[in-house]
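# Observations on the model geometry
The primary structure of each chain is shown beneath.
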Amino acid sequence: MTDAEPGGGNDGQRDLELIARWKSGDERAATELVERHASALARFAVSSGERTDVDELVQDTFVRAFASIDGFRGESSFRTWLFTIERRLLIDRRRAEKRRRDNTEIQDSDSATGFDALDGMVADETQQRLQRVVQRLSPTQREVFTLRVAEGLSYKEIADAVGTTEGAARVHYHNAMRAVKEFLDE
Amino acid sequence: MNDCSNADIRDQLPDLLHDRLTVSARAVVLAHVEGCTDCRDELELLRGVLGALVAQTPRVDIAYIVGALPKAPARTTAPSVAAKRRWADWRVAAAISVLVAGGSSVAILNRAPGVPNGELAARAVEVADTQTATPSVVRSTTPVVSAKSAAVARETIASVDQDATTDAGPDGRFGGLTETQLNALLSEIERLEAVPITEPEPVTIKVNVGTPTPLSELPR
């Protein structure tokens, strides 16, 4: 997993250039866009509680994005727009999963206990502990905290991605940080 | 783990982590963090969380994702944007030319010496009346004098108008005035009172520096 993709998420101008190139028929531009943002989308998916089919979710996000690329007006960054699409897909998935669970009457926990499948991938005990702490946050706190800490998005960008206000995003972040500290002090 | 009381600095710690601060803001935050144990601990916590989130994320298969993307739009043979813009520029230029030519023609026609006497006379009376309605900043004698001027102007224009009607050519145009009539008109115009200037006249104040003058005797 590479964390520092070329250009990161801050080079919005580069994204716009690549989008323009793809629109004019350059397939390689799509590859570069995926390389720039796929890891961030995967991180967001995992930290939001998606434990399986992360590749499919990221792929669906890009497919949706490219299919409706004309709807991207550049008011937010391309990465923020991708987060918005991915978040909607996650919500759809959770609804579908809930319906399926309700139908089969199987109770499944949503947070820490279901995280065990990933434990084998993580060697460091401190990291495991931090992952569990993040999973204990409320869904909104977790989204905001992840976008702020893992992706370095501003409160404005977070507000755009999760459909809230800048002030509310700030409050969610600080509440999440307080909760994380309390969980660690337990 | 405690919270630093400086909320502004705490707010910027994730930006410091992702190197999203300006040079000056980064220097300020770093200087604070150096002397603040709480902020140092929080920054370490943020680093740990970032590392944990990265570590738990599986590697994504770029080729797998790219393979499912819709094909890029085919290159079209339609006229390029530049070519379209060039055509649009020509159209705009042509429209402007037509408008300018039409406007100039109308202006020239309006200035032609074929304007009826009555219209010119009405315009002259309007000018005279405008002079009468001089703003109140003008000295108090102005309205009387200007009213006289307006009356003289009306008489002059009426006589000239009458003469011009009788002496003008068959078309009865104002341009048919004889030289004598024009001279008479010009001399009447010269006799008209001009609107006085609105600036006050300079006032000279004499100050006696020799013997002090009582306040009651000072010129007001």
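It should be emphasised that the depicted structure is a prediction, and the values quoted were computed from it without experimental measurement.

## Things to note about the overall build of chain A
From N to C terminus, chain A includes eight helices and zero strands. The helix and strand sequence of chain A, counted from the amino end, reads α-α-α-α-α-α-α-α. Counting all 186 residues of chain A, 49% fall into the buried class. Counted over contacts in chain A with a minimum sequence separation of 6, partners at least 24 positions apart contribute 66%. In the form shown here, chain A has an accessible surface area of approximately 8700 Å², with 46% of it arising from carbon and sulfur atoms.

## Observations regarding the environment of A:Ser154
All names here are of chain A. The topology assignment puts Ser-154 in the loop between helix H6 (139–149) and helix H7 (155–162). Owing to a relative accessible area of 25%, Ser-154 belongs among the partly exposed residues under this scheme. C-alpha of Ser-154 to C-alpha of Glu-166: the two residues are 12 residues apart in sequence and 8.8 Å apart in space.

## Considerations on helix H2 (residues 27–47) of chain A
Residue and element names in this part refer to chain A. Compared with an ideal rise of 1.5 Å per residue, which puts 21 residues at 30 Å, H2 spans 31 Å between its outermost C-alpha atoms and is within 8% of the ideal. Counting buried residues in H2 gives 16 out of 21 residues, a clear majority hidden from the surface. Phi turns positive, to about 105°, at Gly-49, one or two residues after H2.

## What about the interface of chain B and chain A?
Contact with chain B, which involves 39 residues of that partner, is made by 57 residues of chain A. Along the contact surface separating chain B from chain A lie five salt bridges. We note a salt bridge from A:Lys181 to B:Asp3, for which the minimum N-O separation is 2.5 Å. At the junction of chain B with chain A, the criterion picks out 16 residue pairs in polar contact (both at pLDDT 80 or more).

## Focus: the nonpolar core
With 74 residues, the main nonpolar core has A:Val58, A:Phe62 and A:Phe145 as its most contacted residues. When residues no more than four places from it in sequence are discounted, the contact partners of A:Phe145 are A:Val134, A:Leu137, A:Ala150, A:Tyr173, A:Ala176, A:Met177, A:Val180 and B:Val49.

## Things to note about the packing of aromatic side chains
Residue and element names in this part refer to chain A. Counted by the stated rule, this structure contains eight aromatic pairs over all chains. Taken together, a centroid distance of 5.2 Å and an interplanar angle of 65° make the contact between Phe-44 and Phe-83 edge-to-face. Note that Phe-44 is positioned in helix H2 and Phe-83 in helix H4 (residues 78–104), a separation of 39 residues in sequence. In this structure Phe-44 comes out as buried when scored by relative accessible area, which is 0%. Summarising the aromatic geometry, the rings of Phe-62 and Phe-66 are spaced 6.5 Å apart at their centres and angled 35° between planes, so their arrangement reads as tilted. Placement of the pair is Phe-62 and Phe-66 together in helix H3 (residues 54–67), with a separation of four residues, close to one helical turn. In this structure an aromatic cluster arises from ring pairing among Trp-22, Phe-62 and Phe-66. The cationic tip of Arg-136 hangs over the ring face of Phe-183; the distance from NZ or CZ to the ring centre is 4.0 Å.

## So, the packing of helix H2 (residues 23–35) of chain B against helix H3 (residues 37–55) of chain B
Axes are the key here: two packed helices are described by the angle between their axes and the distance separating the axes. Residue and element names in this part refer to chain B. Two elements in contact, H2 and H3, have axes separated by 5 Å at closest approach and are oriented at 110°. One element, H2, and the other, H3, form an angle in the roughly perpendicular class. Note on element contacts: H3 touches H2 through Thr-37, Cys-39, Arg-40 and Leu-43, opposite His-32, Val-33, Glu-34 and Gly-35. A class-by-class count of the residues in the contact of H2 with H3 yields three nonpolar, three polar and two charged.

## Let's talk about the confidence of the model for chain A
All names here are of chain A. The predicted model of chain A averages 84 in pLDDT, with 83% of residues at 70 or higher. Below a pLDDT of 50 lies the segment residues 1–9, which in the model reaches 23 contacts outside its immediate sequence neighbourhood of four places, other chains included. Across residues 106–118 the pLDDT falls below 50, and counting only partners more than four positions away or on other chains, this stretch makes 17 contacts in the model.

## Digging into the pattern of salt bridges
Inspection of the entire model under this criterion finds 22 salt bridges over all chains. For A:Arg170, the salt bridge goes to B:Asp11, with nearest N and O atoms at 2.8 Å. In this pair, A:Arg170 sits in helix H8 (residues 166–185) while B:Asp11 sits in helix H1 (residues 7–17), so the two residues belong to two different chains. Residue classification places A:Arg170 among the partly exposed residues on the basis of a relative accessible area of 33%.

## What about unusual backbone geometry?
You will see that A:Asp53, though not glycine, has its phi angle at about 55°, which is positive. Looking at the element boundaries, A:Asp53 is found in the loop between H2 and H3. A positive phi angle, close to 55°, is found at B:Asp19, a residue other than glycine. Structurally, B:Asp19 is set in the loop between H1 and H2. Under the relative-accessibility criterion, B:Asp19 is labelled exposed at 55%.

## Describing the side chain of A:Thr61
Residue and element names in this part refer to chain A. Among the secondary structure elements, Thr-61 is positioned in helix H3. Note on Thr-61: relative accessible area 0%, which makes it buried. Once you skip the residues sitting within four places of it in the chain, Thr-61 turns out to touch Leu-41, Leu-82, Ile-85, Glu-86 and Leu-89.

Reading the values: the criteria
The residue count restarts for each chain, going from 1 along the sequence in the order it is written. Starting at A for chains and at 1 for ligands, labels are handed out in the order in which the entities are written. The predicted nature of this model means local features are confined to residues of pLDDT at least 70 and side-chain atom pairs, given and counted, to a pLDDT of 80 or more, with totals for whole chains, interfaces and linings taken over all residues. Side-chain metrics rest on all non-hydrogen atoms present in the structure, leaving aside hydrogens and water. Strands here are runs of E lasting at least two residues and helices are runs of H or I lasting at least four, both read from the DSSP assignment and numbered beginning at the N terminus. Buried residues are those whose accessible area, probed at 1.4 Å on protein chains only, stays under 20% of the maximum for their type, while exposed residues exceed 50% and partly exposed ones sit between those limits. Residue contacts follow a heavy-atom distance rule, with two residues in contact if any of their heavy atoms lie within 4.5 Å. Method for areas: the Shrake-Rupley scheme with a 1.4 Å probe, in which residue coverage is limited to the protein chains shown. For a helix, the expected span equals 1.5 Å multiplied by the number of residues minus one. The term salt bridge refers to a side-chain nitrogen of Lys or Arg lying within 4 Å of a carboxyl oxygen of Asp or Glu. The definition of a polar contact used here is a pair of N or O atoms within 3.5 Å, where within protein one atom must be able to donate a hydrogen and the other to accept one, and adjacent residues in sequence count solely through side-chain atom pairs. Residues grouped as a nonpolar core are buried Ala, Val, Leu, Ile, Met, Phe, Trp, Tyr and Cys residues, joined through side-chain atoms within 4.5 Å. Stacked, edge-to-face and tilted labels apply to pairs of Phe, Tyr and Trp rings (six-membered ring for Trp) whose centres lie within 6.5 Å, assigned for plane angles under 30 degrees, over 60, and everything in between, in that order. Put simply, a charge is over a ring when the Lys NZ or the Arg CZ is close to the ring centre, within 6 Å, and near the line of the ring normal, within 35 degrees. Only the contacting stretch of a helix is used when fitting its axis, a line to C-alpha atoms as for every element, and angles between N-to-C directions run 0 to 180 degrees. With respect to orientation, any angle under 35 degrees is reported as roughly parallel, any angle over 145 as roughly antiparallel, any angle of 65 to 115 as roughly perpendicular, and every other angle as oblique. Ten residues, namely Ala, Val, Leu, Ile, Met, Phe, Trp, Tyr, Cys and Pro, are considered nonpolar, four, namely Asp, Glu, Lys and Arg, are considered charged, and the remaining ones, Gly among them, are considered polar. Every residue is assigned a pLDDT by the predictor, reflecting its confidence on a scale from 0 to 100.

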